[in-house]
Amino acid sequence: MSDDLIELLLVGLGQTIYMMAATAIVSFILGFPLGIIMAITDKGNIWSHIKVNKTLGTIINIIRSVPEIILIVILIPFTRLIMGTSLGTTATIVPLSVGAAPYLARIIENSLREVDKGKIEAALSMGANQFQIVTKVIIPEALPSLIRGLTLGLISIIGLTAIAGATGAGGLGSYAIRFGYQRYRTDVLIGTVVLIILLVQGIQYFGDSLAKYINRKRYKYE
Amino acid sequence: MIDISNLSKVYHTPYGKVTALKDINLSIEKGDIYGIIGFSGAGKSTLIRCLNRLEEPDTGKITIEGLDINSLDKKSLNKTRKKVGMIFQQFNLLDSRTVFDNVGFPLELDKVPKKEIKERVEEILDLVELTDKRNAYPSQLSGGQKQRVGIARALANKPDILLSDEATSALDPLTTYSILELLKDINEKLNITIVLITHELDVIKYICKNTAVIEQGEIIEKGATNDLFINPKSVTLKKFIEILSNFQENGCYQGGDGI
Ligand SMILES: Nc1ncnc2c1ncn2[C@@H]1O[C@H](COP(=O)(O)OP(=O)(O)OP(=O)(O)O)[C@@H](O)[C@H]1O
Ligand SMILES: [Mg+2]
């Protein structure tokens, strides 16, 4: 074990968490409204607009079918336009968010769709408007499922940051390749893997606990 | 109070047209408890859902106190819906809210001040005898209690009309009677007109002053409940009565002794 190991790993971890958090925030801001629109514009839903639904659905599918590594390459001009550069940890947040947002949108859409139609009808029968149905019925009712879905999304984003690392964006993935693989530093390789595992476990645990807490409150028996 | 004339509705499905309602004419007086009975698929739900436009009819006219329901724009429709409460077979309570917040929900939609909501909700919870359950979540309640919450929620806005879509069909006979008693009570105390659909003859017998029989989307018989029972004309109603009396003869059914 060399002296620089801890420092390398800590820097890598910091970069990974930074990329993950920034990507999560940006892709959530994009994906959340998109997911809601997808969930309510489908046939028979409270804001039925089949054309909007089909168009957005197609765009989401197209982006989702492009592998992240290719997305990073394709988006270089776009990234440069927004960030001024296409290199480095911060610049990578652009292609990562573009890749993650449609994925989050689908996760959110699926959670929201699970809400019982009967509950929505009951709200309609009380004279609720569409905005009220989304904010007071659909989202609160889907909350535990939403949290579980977003946990899954966050973990997938870690996977994406590792891929971005391979293109020189920094983060644990990048250290694993540059040091662990290219310079035969087994200690760095193992260290990065362990850290990623811990990170994923931590996020999963946090998400599960939050969802469980809500469920216990709603479904506990006195 | 409620006038339905020439109401028709056809569903277009991938397998063809389904005529759910065919030229329905009904007139429901204020303060009535009006029952609509029919077998499964007869069009009961479709009919009652047309009354608050959860379903849009193809042709025909519905007026509630002179107001043409089908010509209302979205805003006026929502306003009218607040005066027409609805209860459901599956209760449709919100799992994310306590009993108190479920009952207060329609008032919250109306942006009623918190303090007024509290007063009103407590008043209704008292009426439906659920004061002790105010902080429970729906999943912690029995079916009968859930339906009481459903009724309380439907009453929160002080509606003129209560629509009941098989409100007791998921409940055992004893609970059914307690809910029917509650509905009767509401009808008398608050003078709320109740439109009630069911496939249980008992329910009709027990609380409905007037009844219509619906068969394959058509009203085939209507009138005062007592008259219908004494002299049933339609095949459907005769069948219903026959089934009920067979049950009672064979001793399979004992819940309805008192009526
Ligand atoms: N959304 C729909 N799309 C297509 N057909 C429908 C739809 N809703 C109802 N129908 C059809 O319309 C007819 C009447 O249905 P409705 O739900 O009104 O019956 P019902 O009398 O309430 O039956 P039940 O006692 O089983 O609830 C049925 O043949 C049903 O299959
Ligand atoms: Mg029905």
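A.B. asks: Hey, could you go over the pattern of salt bridges for me, with residue numbers and the actual values?
C.D. replies: Enumeration over the complete set of coordinates arrives at 20 salt bridges over all chains. Between Arg113 of chain A and Asp42 of chain A there is a salt bridge whose closest N-O contact spans 3.0 Å. In this pair, Arg113 of chain A is assigned in helix α5 (residues 88-113) and Asp42 of chain A in the loop between α1 (4-41) and α2 (50-65), connecting sequence segments 71 residues apart. Since its relative accessible area comes to 35%, Arg113 of chain A is described here as partly exposed. Asp42 of chain A gets classed as partly exposed once you look at its relative accessible area, which sits at 21%. For Glu122 of chain B, the salt bridge goes to Arg134 of chain B, with nearest N and O atoms at 3.0 Å.

A.B. asks: Tell me about the site of ligand 1, residues and numbers included.
C.D. replies: All names here are of chain B. In the region of ligand 1, 13 residues are neighbours, and Ser40, Gly41, Lys44, Ser45 and Thr46 sit closest. Within the side chain of Thr46, a nitrogen or oxygen atom sits 2.6 Å from an oxygen atom of ligand 1. Between an oxygen atom of ligand 1 and a side-chain N or O atom of Glu166, the distance comes to 3.5 Å. If ligand 1 stood free it would expose 640 Å²; the protein chains cover 61% of that surface. Only β1 (2-13), β2 (16-28) and α1 (44-51) provide two or more residues apiece to the shell around ligand 1. Broken down by element, the residue count for the shell around ligand 1 peaks at three residues, all from α1. Each residue belonging to the shell around ligand 1 can be placed in one class, and the counts come to five nonpolar, six polar and two charged.

A.B. asks: I'd like to hear about the state of the cysteines, residue by residue, with values.
C.D. replies: Counted by the stated rule, this structure contains zero disulfides over all chains. Here Cys50 of chain B is not cross-linked by a disulfide; its sulfur's nearest cysteine counterpart is in Cys208 of chain B, at 19 Å.

A.B. asks: Can you break down helix α4 (residues 114-127) of chain B residue by residue, with the values?
C.D. replies: Residues and elements named next belong to chain B. In this model α4 runs 20 Å from its N-terminal to its C-terminal C-alpha over 14 residues, within 8% of the 20 Å that 1.5 Å per residue would give. Those residues of α4 that fall on the buried side of the exposure criterion are Ile117, Arg120, Val121, Ile124 and Leu125. Summarising the axial view, the buried residues of α4 lie within an arc of 135°, below the 170-degree limit, and thus occupy one face. Exposed side of α4, more than 90 degrees from the buried face: Lys115 and Asp126 are the residues found there. Its buried side turned inward, α4 meets α3 (99-109) and α5 (143-155). Taken from the residues just after α4, Glu129 is the one with a positive phi, measuring 60°.

A.B. asks: If you had to explain the interface of chain B and chain A to someone new, which residues and values would you point to?
C.D. replies: Each partner contributes to the interface: chain B provides 25 residues, whereas chain A provides 24 residues. Buried area between chain B and chain A, both sides added, is near 2,200 Å², and the carbon and sulfur share of it is 51%. Per-residue buried area on chain B facing chain A is highest for Asp95, Leu109 and Gln140 of chain B; these three make up 24% of the total on that side. In this structure, the connection of chain B to chain A is made through three salt bridges. Residue Arg49 of chain B pairs with Glu121 of chain A through a salt bridge whose shortest N-O separation is 2.6 Å. The tally of links from chain B across to chain A stands at 10 residue pairs in polar contact (both at pLDDT 80 or more).

A.B. asks: Break down the nonpolar core for me, with residues and values.
C.D. replies: In terms of nonpolar packing, the biggest core is built from 55 residues, with Leu112 and Ile138 of chain A together with Ile2, Ile4, Ile36 and Leu47 of chain B touching the most fellow members. Looking at this core element by element, the count peaks at seven residues for helix α7 (residues 130-166) of chain A. Residues within four places of Leu47 of chain B in sequence aside, it is in contact with Ile4, Leu7, Leu21, Ile24, Leu26, Ile36 and Ile214 of chain B. Formed by 46 residues, the second largest nonpolar core is a distinct cluster that contains Leu125, Leu171, Leu183 and Leu228 of chain B.

A.B. asks: Explain the packing of α1 of chain A against helix α9 (residues 186-219) of chain A to me, and be specific about the residues and the numbers.
C.D. replies: All names here are of chain A. Across the interface, α1 lies against α9 with an axial gap of 10 Å and an inter-helix angle of 40°. In terms of their interaxial angle, α1 and α9 are classed as oblique. Relative to α9, the crossing made by α1 is right-handed. Between α1, through Leu5, Leu8, Leu9, Leu13, Thr16, Ile17 and Met20, and α9, the contact on the second element is made entirely by Asp187, Val188, Gly191, Thr192, Leu195, Leu199 and Ile203.

So, how was this worked out
Residues numbered from 1 in each chain as written. Chains lettered and ligands numbered in written order. Predicted model: local features only at pLDDT ≥ 70, side-chain atom pairs only at ≥ 80, totals over all residues. Heavy atoms only, no water. Salt bridge = Lys/Arg side-chain N within 4 Å of Asp/Glu carboxyl O. Helix = DSSP H or I, 4+ residues; strand = E, 2+ residues; numbered from the N terminus. Buried < 20%, exposed > 50% of the residue type's maximum accessible area, 1.4 Å probe, protein only. Near = heavy atom within 4 Å. Polar contact = N/O pair within 3.5 Å; in protein donor to acceptor, adjacent residues only side chain to side chain. Areas by Shrake-Rupley, 256 points an atom, 1.4 Å probe, with all protein chains shown as cover. Nonpolar A, V, L, I, M, F, W, Y, C, P; charged D, E, K, R; others polar. Disulfide = S-S within 2.5 Å. Expected span 1.5 Å × (residues − 1). Arc of directions from axis to C-beta. Contact = heavy atoms within 4.5 Å. Buried area = accessible area lost by both parts, 1.4 Å probe. Core = buried A, V, L, I, M, F, W, Y, C linked by side-chain atoms within 4.5 Å. Axes fitted to C-alpha atoms, helices over the stretch in contact; angles between N-to-C directions. Parallel < 35°, antiparallel > 145°, perpendicular 65-115°, else oblique. Left-handed = near helix turned anticlockwise from the far one by under 90°.

All we've got here are geometric facts, nothing functional implied.
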